[in-house]
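# Results of the structural survey
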Amino acid sequence: PTPAPTALAASMVAVVLGRLPWIADRYLDAALAQARRLDDPREELDATLGRLLVDLMHGRWAAADTRAATFLPQLAIHRNYSLHAVFLGLFGCIDLLSGRVDRCAARCADMVQLGEHEGYLQARGWARNLEASLAILAGEYTAAQGLADEARTILDRRLDPDRLSSRALHAQATRLQGNLDG
């Protein structure tokens, strides 16, 4: 029988089981092996997406950096702009969490450019969320509020679940600015 594409499902299972990295890694290894048997670049990207999410959960920054160097060029060739934006956003989160704010800002700029070039507005919303986080870290609470508001406007229009993070970022910036209790 012909192998079926299963990388996205395996990635989802791996993320759910992310607290058990040894099990998640087994699912992801199997998904990657299956993608290679299929010789399907999209399957390989889907398997890598799960691996990246598990890396993010466990602070595996060096592994994520290696994946960024390997798969960002492949994403550009594959021309799947939504998946490209997801990867840029995840790499941006990893950069933010590992203290590489300049790199995170560069990923945000890449997401905005990708969104504008390809008409994928959601990428701009995700970028604004990350930029709001950077502004909060820099103590620029008013800027963070504006960025979070822009993200929320974009993501609300798209009914994106990330609009909740925009609201949370706005509330956090407002609280830190001293305009909101708790």
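For the structure itself, look to the data block above.
A brief report on the enclosed structure follows. (Residues numbered from 1 in each chain as written. Predicted model: local features only at pLDDT ≥ 70, side-chain atom pairs only at ≥ 80, totals over all residues. Heavy atoms only, no water.)

The next thing to look at is the overall build of the protein chain. Helices and strands together make up the secondary structure of the protein chain, namely 9 helices and 0 strands. In the protein chain, which comprises 182 residues, the proportion classed as buried is 45%. Relative to all contacts within the protein chain whose residues are 6 or more apart in sequence, the contacts with residues 24 or more apart total 58%. Only carbon and sulfur atoms are counted for the fraction: they give 57% of the accessible area of the protein chain, which is about 9400 Å². (Helix = DSSP H or I, 4+ residues; strand = E, 2+ residues; numbered from the N terminus. Buried < 20%, exposed > 50% of the residue type's maximum accessible area, 1.4 Å probe, protein only. Contact = heavy atoms within 4.5 Å. Areas by Shrake-Rupley, 256 points an atom, 1.4 Å probe, with all protein chains shown as cover.)

We now examine helix α3 (residues 41-57). Spanning 17 residues, α3 covers 24 Å between terminal C-alpha atoms, matching the ideal 24 Å at 1.5 Å per step. The N-capping residue of α3, defined by a side-chain oxygen 2.9 Å from the backbone nitrogen of Arg 42, is Asp 40. The positive-phi residue at the C-terminal boundary of α3 is Gly 59, with phi of around 65 degrees. (Expected span 1.5 Å × (residues − 1). Polar contact = N/O pair within 3.5 Å; in protein donor to acceptor, adjacent residues only side chain to side chain.)

Let's shift gears to the side chain of Arg 128. Relative to the assigned elements, Arg 128 resides in helix α7 (residues 121-137). By relative accessible area, which is 11% here, Arg 128 ends up buried. A distance of 3.2 Å separates the side chain of Arg 128 from the side chain of Glu 150, its partner in a polar contact. Setting aside anything within four residues of it in sequence, one finds Arg 128 in contact with Val 112, Leu 147, Glu 150 and Ala 151.

Once that is clear, we can look at unusual backbone geometry. Unusually for a residue other than glycine, Asp 39 sits at a positive phi of about 55 degrees. Secondary-structure assignment places Asp 39 in the loop between α2 (21-38) and α3.

So, on to the nonpolar core. Of all hydrophobic cores here, the largest spans 31 residues; its most connected members are Leu 52 and Phe 87. At the level of secondary structure, the elements contributing two or more residues to this core comprise α3, α4 (61-78), α5 (81-97), α6 (101-118), α7 and α8 (141-157). The greatest single-element share of this core, amounting to 9 residues, is contributed by α5. Once residues lying within four places of it in the same chain are set aside, the contact partners of Phe 87 are Leu 45, Thr 48, Leu 49, Leu 52 and Leu 75. Listed in part, the 7 residues of the second largest apolar core include Ala 132, Ala 135, Leu 147 and Ala 173. (Core = buried A, V, L, I, M, F, W, Y, C linked by side-chain atoms within 4.5 Å.)

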